[in-house]
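# Results of the structural survey
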Amino acid sequence: MADPIVITRSVSIDPSEIEETFVRSAGPGGQNVNKVSSAVQLRFDLANSPSIPEAMKRRASTLAGKRLTKAGVIVITANSHRDQPMNRTDALDKLVALLVAASHVPKFRVATRPTLASKRRRLEGKSIRSGVKKLRGAPSDSQ
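Everything in this summary refers to the structure shown in the same document. (Residues numbered from 1 in each chain as written. Predicted model: local features only at pLDDT ≥ 70, side-chain atom pairs only at ≥ 80, totals over all residues. Heavy atoms only, no water.)

### A look at the overall build of the chain
Along the chain, the regular secondary structure elements total 3 helices and 5 strands. Order of helices (α) and strands (β) in the chain, N terminus to C terminus: β-β-β-β-α-β-α-α. Taking 2.2 N^0.38 as the reference for a compact globule, 143 residues should give roughly 15 Å; the C-alpha atoms of the chain span a radius of gyration of 27 Å, well beyond that estimate. When the backbone C-alpha atoms are referred to their principal axes, the chain occupies close to 85 × 45 × 25 Å. Here the chain holds 143 residues, and the buried ones make up 24% of them. In the form shown here, the chain has an accessible surface area of approximately 10,500 Å², with 55% of it arising from carbon and sulfur atoms. (Helix = DSSP H or I, 4+ residues; strand = E, 2+ residues; numbered from the N terminus. Rg over C-alpha atoms; globule rule 2.2 N^0.38 Å. Buried < 20%, exposed > 50% of the residue type's maximum accessible area, 1.4 Å probe, protein only. Areas by Shrake-Rupley, 256 points an atom, 1.4 Å probe, with all protein chains shown as cover.)

### Describing helix α1 (residues 54-64)
Of the positions making up α1, those classed as buried are M56, K57, A60 and A64. Buried residues of α1, seen end-on, are gathered within an arc of 100° and therefore sit on one face of the element. Opposite the buried face of α1, at more than 90 degrees from it, the exposed residues are E54, R58 and T62. Summarising the contacts, the buried residues of α1 are in contact with β5 (73-78) and α2 (84-103). Phi turns positive, to about 60°, at G65, one or two residues after α1. (Arc of directions from axis to C-beta. Contact = heavy atoms within 4.5 Å.)

Written as structure tokens, this is what we have:
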């Protein structure tokens, strides 16, 4: 049995949850492209995965965007390399990166009001900038 794919310390996925299909690549390779199926299409059933917590599934589905099917399957295609093993590792790295990004819980931002001192500093800076721009203007006819 293959080793589990580690996402975080507490989350790892079983390689049997990942399905790989090999298709002909449109990437680099010249005439080789027409003969060899070097591109990898990796499929991971996010919706039915027992390894991923629900909150992480929601974040991953948002991050996946167009790569997520209506059935909840993430489809990642890798065809940037000429050989199949490099495309396999590239596709797997993309999946792991997506799931690692989904594992980070966004920090809740508490809205605060600016202090009186920060308002004064902002207005002071604006008046200094205004003075600099006034000095750049055309000379007046005061002579």
